[in-house]
Amino acid sequence: MNGTLRVRLELACMAIISVLAVVMIGFVVLYWLQSFPYASTLYEQYRLGGRLLDAVLGTNVFRHPFMWQSMATGVLIGIVAPLVGTYLVHREMALIGETLAHTAFAGVAVGFLVGGVTGWDTPLLISALVVGIAGALGVQWLAERTDTYGDVPIAIMLTGSFAVGTLIISYGRGFTGISIESYLFGSLAVVTVEGARMMTILSIVVVGVVAYTYKQLLFITFDEQAARVARLNVNAYNTLLIVMTAVVVVGAMQVLGVILVAAMLVIPVAAATQIAASFRETLYLSIIFGQLSIVGGFAVSIGWSMPAGGSIVVVAIAFYLAAIAASGRSSTALSTH
Amino acid sequence: MENVNLDEPKDGSRTTVSTIVDVADVSFAYGDQLAVDNVSLTVESGDFLGLIGPNGSGKTTLLHLMLGLITPDEGTIELFGEPVSAFDEGERIGYVSQQATEKGSTMPVTVREVVTMGRFAHAGHSRLTDADVDVVDEALRTVDISELADRRINQLSGGQRQRAYIARALASEADLLALDEPTVGVDAESRDEFYRLLDSLNDSGITIILIEHDIGVVTDRADHIACINKSLYHHGDTESFVESDALEAAYGSGTRVVHHHH
């Protein structure tokens, strides 16, 4: 493919994704503010647009506000997970996402227990967020003291936090009787209004922070030692990256579930890496593949009443395989030139 | 130590400190494994210092100490006249590590992106300006890889890749270039070319510290030699090193009992 055409195509995709994100954030915000005069009028427009879409597509999806909450959360996952994942994968920290998902699971369990014992209505995602961030700081602490993001401390952290989570749930079941399954496997229906709001806020913060620290994160990812010599605060940026990972994982967990959430951090990035020429292009393509996986996964999930998490991951892997095939063909094409 | 301080440190005018690195009585151990034993040496502005020693002699450790990547157990180190721990003008040092060469193997990064990293310490969190881009273009031209700018760094040969790293140091307008065995796995011809490039950079006033396992190359190119094997066996100009017996003393013939402190 022609180089400039390719760049234009990528930028066009990024523009579409940005518009999609703005529309989705708009819905979440308007739903939030619908009791205010102007917001309520605008919100009605969304409802109208939804019914129209359903009429055109012959579906029974877009007329329901709860579906919009799920879609908004999904679209935002498709942006921030590959965004943070690009740095993680190339820092060879891909397993960190999986680890923090399990830590966040322990956080959900803690939320259940606290809610069950005290009778308070504990927001589970907030407790997942708190415990997830604590886990992130713990992983960073271990890594700084063992000089690596090595397999062993990560594996201990991963299984350890899951073990603690199962113990807490088992102990707390007497108080709550709530099933933990939806958090393990995720679902479109599990996205609450509060969950979508949290995801919206988290996504804006994460995109802002990555935009602000793009250069520093790139330098550290590519050549940590040279970044240290250039007097970048490497430990602080590493901590920032890993905390952002925890935040993204907790947000994405609603749809994808604890077990599959790491896939969105890794698979779109792996696909992008196959065919990207530069780091910037890797970021763009990761987000494009991530978004396509989300949209495709939602379509499969809604169309055939399949679980959302599994559908999204399978679609993502299909893109990954396609990227491998495409990169193989383009490199042979190059060599025959 | 002469240490003339400047009037305006921040506006691009370089400090006129003539001692770039000052290592005084420095020791460092990994656990109880002594790696650098009571080493003192200075690198003056404009020097081309070859740092040599047998495998495991603490060359890389000494370089890491000088750059502030690790902290000495004993002794003090000054960079550009400041204690190394307080030194914060990172853009003044260009560093090419041993690992740097391997990392580019999987990550999709273009040559231009790598060289642009040299501007990051200058730019901080603000956007890169046209002036930054000009400096990057100039650096690519100086090392003669302009036409490779949009290639992925892992598609380059070893020699080209080293040039890209040098260009990154040039883009940061570094006063000190620290290179850790930069030509491992680079063919002989590109290697000669690479060292000619270092020579011309040195002539233009950049101070160079080079770790190199090939002693012939070092004595050809460097004007000063530091020969270490945990402790310092020789530090002085290249002629005095060639005439001395520091080489046999440091590398030994099986035994490491010979002692020859300077």
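Residues numbered from 1 in each chain as written. Chains lettered and ligands numbered in written order. Predicted model: local features only at pLDDT ≥ 70, side-chain atom pairs only at ≥ 80, totals over all residues. Heavy atoms only, no water.

## A look at the sheet that holds strand E5 (residues 82-83) of chain B
Residue and element names in this part refer to chain B. Selection criterion: The pairing criterion for strands is at least two bridges between them, as found by DSSP. A run of H or I in DSSP becomes a helix once it reaches four residues, and a run of E becomes a strand once it reaches two; helices and strands are each numbered from the N terminus. Contacts: residue pairs with any heavy atoms within 4.5 Å of one another. Note on geometry: axes are lines fitted to C-alpha atoms, helical ones only across the stretch in contact, with angles between N-to-C directions running from 0 to 180 degrees.
The sheet built from four strands is open, its strands ordered E2-E1-E4-E5 with antiparallel pairing. Strands at the two margins of the open sheet, each flanked by one partner only, are strand E2 (33-44) and E5. In this sheet, E2 lies alongside strand E1 (residues 19-30) in antiparallel orientation, the contact comprising eight bridges. Its bridge partner lying in E2, Tyr30 is registered against Gln33. Here helix H1 (residues 59-67) sits on the sheet and contacts E1, E2 and strand E4 (74-79); the angle it forms with E2, its principal contact strand, is near 55 degrees.

## Brief notes about the pairing of strand E8 (residues 207-211) of chain B
Residues and elements named next belong to chain B. Worth spelling out the cut-off: Per-residue accessibility, obtained with a 1.4 Å probe over protein chains only, is compared with the maximum for each type, and a residue is labelled buried under 20%, exposed over 50%, and partly exposed between these values. Seen with the strands pointing away from the viewer, any crossover whose path from the first strand over the helix to the second strand runs clockwise is right-handed.
The element E8 is largely enclosed, with a buried count of five among its five residues. Side chains Thr207, Ile209 and Ile211 of E8 all project onto a buried face; the interleaved residues Ile208 and Leu210 project onto the opposite face, where all are buried too. Note that strand E7 (residues 176-180) and E8 share five bridges and pair parallel. What sits directly across from Ala178, in E8, is Ile209. Each parallel crossover has a hand, and for E7 linked through helix H7 (residues 188-203) to E8 it is right-handed.

## Quick word on the nonpolar core
Stated precisely, the cut-off is as follows: Put simply, a nonpolar core is a bunch of buried Ala, Val, Leu, Ile, Met, Phe, Trp, Tyr and Cys residues held in one set by side-chain atoms that sit within 4.5 Å of each other.
Of all hydrophobic cores here, the largest spans 148 residues; its most connected members are A:Ile77, B:Ile166, B:Leu177 and B:Leu198. Ranked by residues supplied to this core, first place goes to helix H10 (residues 234-275) of chain A with 22 residues. Ignoring anything within four residues of it in the chain, the contact list for A:Ile77 reads A:Pro82, A:Met199, A:Gly251, A:Ala252, A:Val255, A:Leu256, A:Met264 and A:Ile294. Counting residues in each nonpolar core, the second largest holds 33 residues, with B:Val43, B:Leu63, B:Leu67 and B:Ile93 among its members.

## Quick look at the packing of aromatic side chains
Residue and element names in this part refer to chain A. Counted only if it meets this: For Phe, Tyr and Trp, where Trp contributes only its six-membered ring, two rings pair if their centres lie within 6.5 Å, and the inter-plane angle classes them as stacked under 30 degrees, edge-to-face over 60, or tilted in between.
Per the stated rule, a full pass over the model turns up 16 aromatic pairs over all chains. Relative to Phe279, the ring of Tyr214 lies with its centre 6.3 Å away and its plane at 50 degrees, an arrangement referred to as tilted. Linking Tyr214 in helix H8 (residues 193-222) with Phe279 in helix H11 (residues 279-303), this pair joins segments that are 65 residues apart in sequence. Judged on exposure class, the residue Tyr214 and its partner Phe279 are both buried. Note on Phe289 and Phe319: the rings are 5.9 Å apart at their centroids and 40 degrees apart in plane angle, and the pair reads as tilted.

## Describing empty space enclosed by the protein
We count it as follows: Of the grid points, spaced at 1 Å and generated over the protein atoms alone, those admitting a 1.4 Å probe that cannot get out make up cavities, while open sets with protein on both sides within 12 Å along at least five of seven lines make up pockets; any residue with an atom within 4 Å of a point is treated as lining. Grid points are joined across faces, edges and corners, and a volume is the space filled by probe spheres set on the points. The residue classification treats Ala, Val, Leu, Ile, Met, Phe, Trp, Tyr, Cys and Pro as nonpolar and Asp, Glu, Lys and Arg as charged. All others, Gly included, are polar.
By the definition in use, this model includes four cavities of 30 Å³ or more. Lining the largest cavity are 15 residues, with A:Phe219, A:Ala230, B:Ile93, B:Arg168 and B:Ser172 positioned closest to its centre. The set of elements that each furnish at least two residues to the lining of the largest cavity consists of strand E6 (93-96), helix H4 (120-123) and helix H6 (158-171) of chain B. The greatest single-element share of the lining of the largest cavity, amounting to three residues, is contributed by E6(B). Class assignment of the residues belonging to the lining of the largest cavity gives a composition of nine nonpolar, four polar and two charged.

## Focus: the sheet that holds strand E10 (residues 231-237) of chain B
All names here are of chain B. With respect to topology, six strands assemble into an open sheet ordered E6-E7-E8-E3-E9-E10, the strand pairing being mixed. What marks the edges here is a single partner per strand, and that holds for E6 and E10. Adjacent strand axes in the sheet meet at a mean angle of 15 degrees, parallel and antiparallel pairs treated alike.

## Things to note about the confidence of the model for chain B
Segments scoring low in pLDDT should not have their predicted coordinates read at a detailed level. Residues and elements named next belong to chain B. Test applied: Per-residue confidence from the predictor is given as pLDDT, running between 0 and 100.
Confidence in the prediction of chain B, expressed as mean pLDDT, is 82, and 87% of residues score 70 or more. Confidence scores differ between elements of chain B, with helix H2 (residues 100-103) showing the lowest mean pLDDT of 57 and helix H3 (residues 111-116) the highest of 94. Here residues 1-15 is modelled with pLDDT under 50, and outside its nearest four sequence neighbours on either side it reaches 18 contacts, counting other chains as well. Low pLDDT, under 50, characterises residues 254-262; the predicted model gives this stretch 16 contacts beyond four residues in sequence or across chains. Scoring the predicted complex yields pTM 0.86 and, for the interface, ipTM 0.83.

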